[in-house]
Amino acid sequence: MNTKQIEEKWQKIWLNNHYFEAQNNSDSDKEKYYILVEFPYPSGSGLHVGHVRSYSALDAMARMKRMQGYNVLFPMGWDAFGAPAEQYAIKNHIYPADAVKENIKTFKSQIMSLGLSFDWQREFSTTDPEYYKWTQWQFLEFYKKGMAYKAEKEINWCPTCKTGLSNEDAAGGVCERCGSPVTKKLKSQWILRMSDYAEKLLDGLKDTEFEERIKVAQINWIGKSIGAEVDFKLKDTEDVLKVFTTRCDTLFGVTFMVVSPEHALLKKYANKIKNLKEVESYQKEAASKSEIERTDVSKEKTGVKIEGLTAINPVNNEEIEIWISDYVLASYGTGAIMAVPAHDERDYAFAKKFNIPIIPVIEGGSITEEAYTLDGTHINSGFLNGLNKEEAINKMLVYLEEHKIGKKTTNYRLQDWIFSRQRFWGEPIPMIYCEKCGWVPVPETDLPVLLPKVAHYEPTDTGESPLANITDWVNTTCPKCGAPAKRETDTMPNWAGSSWYWLRYMDPHNDKEFVSRDALNYWGMVDYYNGGMEHATRHLLYARFWHQFLYDQGLVPTKEPFKKRVAHGMILGSNGEKMSKSRGNVINPDDMVKLYGADALRCYELFIGDYEKDAAWSDFGLKGCKRFLDRVERLKTKVIDNSTYSPKLENIIHKIIKKVTNDLSTMKYNTAVSSLMILTNAYEEQESITTKDYQTLLVLLNPIAPHITEELNEQIGSKTKIVEMTWPTFDEEKTIDNELTIGIQVNGKLRGEVTISTDETEESIKNKALNNENVKRHLENKEIIKIIVIKGKIVNIVVK
RNA sequence: GCUUAUGUGGCGGAAUGGUAGACGCACCAGACUCAAAAUCUGGCGAGGGCAACCUUGUGUGGGUUCAAGUCCCACCAUAAGCACCA
C-alpha cells in the first residue's frame, strides 16, 4: 500500500468535508467536549517527535469522542511571540513576522501530514493583530482594576537576553531561555498583582482534576506558609522592624536581627549608622552577585553588624543587635528576620561565625546537640514555659495581638508577575505616558497598538526596548489631554498570548469582543488539557491566574479554565538521553512518515510506553508497529461478506471494544494498541472473518491509524466512511467468557489448572481441583484444612 | 534538606489482592528462497531435570492475608519540583 498516496487522499477528504469543525451550537443535542493540546511555538527547527506523541494521543481521544456523538472542539494555533522567534529572525536576517510566517507554514504542513483532526477553521497565531488586540484589551482590564501597576523594583535581569524576567522565567537563578545566571536590576516595570491571587490559585486546585505531580509543582511554587508578623521597635526611633516568622513561640530566644541588603530602613537611618561605609560596601557586593551565587546553600555566611541601630524585643524589652546579610531575601516576607540561633540551622551558623549568644528556648531542642527537635517543651520563655509547640504558638499569637505588636500572617513564595520585556517581538503594552496625566491607557477604539515596522529589532545595551528608538512611533498625544506624550516601549512577555488562547478558540473570528458570552457558556471549561511538565509552574500558573481574574470581572463563567491537565512524558533519543542536535540523536518525524507512514508513526508513539513517562525512541519499535498495520491490511483477504460477528470471535470482540474504549478515555494508549494487536492475532487464527468483525477492528483502530483504516474500510466495499460512523458498543454480558481456565494452588503455590464453565458450582470446581493429578501429588499425606474457591479466579487448597 | 512519584526479563512495558512477565522489540531455531529481504512456525526470567515437573524470582528487610508486584512499616536507589523562603 502506498502510504503517502492514501494519506493525502484521506486528509483531503476530511478537510473538504469539514468533518472536524466544531459547531458553536447550544441547540445541538450533542454534548460538548473540549480537548486542548498546548499550541506549539513554531520554532525554526520544525516539529519534534515529542509533538507527535501528544498530538496523536489527543487526536485519538478526539476522534473517538466524535464517533461517540460529542461535539468536539479540538483546535490548533501558534504561540509565536517572544525571544526564540526574534533570535531566529536576527540570526537569519529576516523580519520576525516573516520568520514566524515561514515557520508556521512548515509546522502546519508537518502537522497536516500526520492526519490530525484539528479544527483548522479556528486557527490563529498570538502574533495576529486581530488576536493581540484582545490580549492588549485584557491587559487594560488588569490596569483598570488596579491589577497592573508600574513600579521601580529589583527584578531579575538576564544580561545575555538583555531583558527583565519574571520570577518564573528565572527559576533556579538562571534565565529560562539561555541559561545565563540572572542578575538583579532596579528597573521600572509593568507588574501584574499575581500574588494577590496566591490563595485563590491554591484553593482553585480543588476544583480541578490535575495530575498529582502537577498540583504538587503548583503548590510548591506558591509556597504558602502560615506564621506571624512581629514588630520590633527600632531603638530611639518611631519605626519598627517588622519580621515574619513561622515560630513566634521562639521569641524569647532571639539574640539578633538580620535584614536583607536591600532593606529600606538602611537608607532611612543611614545617618544613624556609624559604620555606614562598611554596610554600603556589603550592599554593593551583594548587588553585584548573581542570584545563584547569593543563594548558594553551601556558601559560608557573610554579614556586617550595623553599629548605631538596635531593636527591642517586644516580649522582654531586651536590646538586640541588627545585622545585614544576604541570607535574608528582600523578596520574601518582610525582608528581615528575627534570628533564633538555638533552633535554626542558618541562624546558628551565623551566630557561631560572629560569636553571637545562643539562648535555647525549647528543652532538648538545642541545635548544638546533634539530634535536635523543635517540638519539645519551652524553657527560658517567660509565660510560655512548660508549653508544647502548638500551645506556645497560640498563646504567643494572643499575646502579640493583645499588645498590638504582631499578628497571625500568611506568606507566599509566589510573587507578582513582572510583565515588561525590553524586547521588540511581543505585544506592545498599550499605555501612554503624559507629563501631566501620568500613565494613560490607550483607548479601546485605538486597539490594537501595532508593532511598527523597524529596521533594527536587536535588543539594546541601554536596558530599553528597541522600540524606544522609533521616535515617530513613540511620540504620540495623550488620549486624555491631547498634549504630546510617549508610548510605553516595553512589550509583553511570551506568556501573555498563551494566557487566554483557549478562550479565543471558542470564538476565534469575533471582532467585537475577545469571545462571545454564548460561546463561553457553551464550551465552558476545557475538558482535557495536555502539555509538558515544563509548563506546570509557568504557563499553567499564569493561565489560571489570568482566567481567575477574568472570572472575578464577570468576563468568563467558570472559576478555573481547565478541568483536567495531563502531561506527556518526553520522547528521548535511542540512547536514553534528551534529543538534541549536539547529541546527534534527533529523530525527524517527516523522515519517519516518509519511511513508514503517518499511521505507523502515530501508532508507535502511542504504543511506546506509559503516556505520562519518558520513553526512549526505537526504530525497531516503530518497525514493529508498521508490521502490525501490515498484518491488519492482510486480514482483508479473509473477509467474507456477513454483517454479524463470527460466533467464535464475538466474545473477544466485545472484550476488546470495552478495553479500547476505556483505555482511550483514560490515556492508556499503550494498552489500547496492544489490545488491538491481540484482536488482530485472534483474527489471524481464523480461516475467515466477517465484514463486521473486520470493520469493528478498523473502527477501533481508526483513532490511532486513521488513514489506513479508512482506506481498508473503503476497499472492503463500505459505503460509509469511518469518520461518519458511530463508535462500537459492547454488551457486558458478552464480555464474560462462558468457559475459562483458572489456577489451582496448594498453600498459595500454583500446582495445576482447571477449565470450568461460568455457571459451574463451587462443589464441582472443588472436585475438579482435587482430582487434578499434580494437585493430588501435593496433597499426599497432608490434611486439608480449607479450600478457597474464588469464582472465575482461583482455587487455593490450604493443607497441613 | 523538604515534597511527590517510580523501582518487574536483554529492552519498552502488562497485571480491579487471585495462574507475574500480556502485547511489542531484540535474540535463537526452523519453513519458504539460488540467496537476501519480506512473510510464516516455534522458543525465549534464572537454576535443575530425558521428561512429567521442581526450586527460585517484581530494589532491600520485616509485617498483614488462604493468597502480595499490588496493602502496611522501615530502608536503599532513581527521577521531577522546591530550596539560605525565616
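What counts and how
Residues numbered from 1 in each chain as written. Chains lettered and ligands numbered in written order. Predicted model: local features only at pLDDT ≥ 70, side-chain atom pairs only at ≥ 80, totals over all residues. Heavy atoms only, no water. 1 Å grid on protein atoms, 1.4 Å probe; cavity = no way out; pocket = protein on both sides within 12 Å on 5 of 7 lines; lining within 4 Å. Points joined across faces, edges and corners; volume = space filled by probe spheres on them. Helix = DSSP H or I, 4+ residues; strand = E, 2+ residues; numbered from the N terminus. Nonpolar A, V, L, I, M, F, W, Y, C, P; charged D, E, K, R; others polar. Expected span 1.5 Å × (residues − 1). Buried < 20%, exposed > 50% of the residue type's maximum accessible area, 1.4 Å probe, protein only. Arc of directions from axis to C-beta. Contact = heavy atoms within 4.5 Å. Polar contact = N/O pair within 3.5 Å; in protein donor to acceptor, adjacent residues only side chain to side chain.

Colleague: Talk me through empty space enclosed by the protein; I want residue IDs and the actual numbers.
Modeller: A full pass over the atoms with the stated rule returns three cavities of 30 Å³ or more. Taken as a whole, the largest cavity spans an internal volume of roughly 230 Å³. In this structure, the largest cavity is lined by 20 residues; those nearest its centre are Gly 82, Ala 83, Arg 177, Arg 421 and Asn 494. Those elements that place two or more of their residues in the lining of the largest cavity are α3 (83–92) and β4 (163–165). Residues belonging to the lining of the largest cavity are distributed by class as follows: 10 nonpolar, five polar and five charged.

Colleague: Residues and numbers for helix α19 (residues 619–634), please.
Modeller: Across its 16 residues, α19 extends 23 Å between first and last C-alpha, which sits within 8% of the 22 Å expected from 1.5 Å per residue. Taken together, the buried positions of α19 are occupied by Leu 622, Cys 625, Lys 626, Phe 628, Leu 629, Val 632 and Glu 633. All buried residues of α19 lie within an arc of 150° about the axis, which places them on one face of the element. Turned more than 90 degrees away from the buried face of α19, the exposed residues are Phe 620, Arg 627 and Arg 634. Buried residues along α19 sit in contact with α1 (3–16), α17 (589–596), α18 (598–607), α21 (669–684), α22 (691–701) and α23 (706–715). You can read the cap of α19 off the contacts: a side-chain oxygen lies 3.2 Å from the backbone nitrogen of Phe 620, and it is on Ser 618.

Colleague: Lay out the layout of surface pockets with the relevant residues and their values.
Modeller: If you add up the space inside the second largest pocket, you get close to 1500 Å³. Lining the second largest pocket we find 42 residues, and of these Glu 154, Lys 184, Glu 262, Ala 330 and Ser 331 sit closest to its centre. Every element with two or more residues in the lining of the second largest pocket is listed here: β3 (148–158), β5 (183–192), α8 (264–268), α9 (276–288), α10 (291–294) and β12 (406–411). Tallied by class, residues from the lining of the second largest pocket come to 18 nonpolar, 12 polar and 12 charged.

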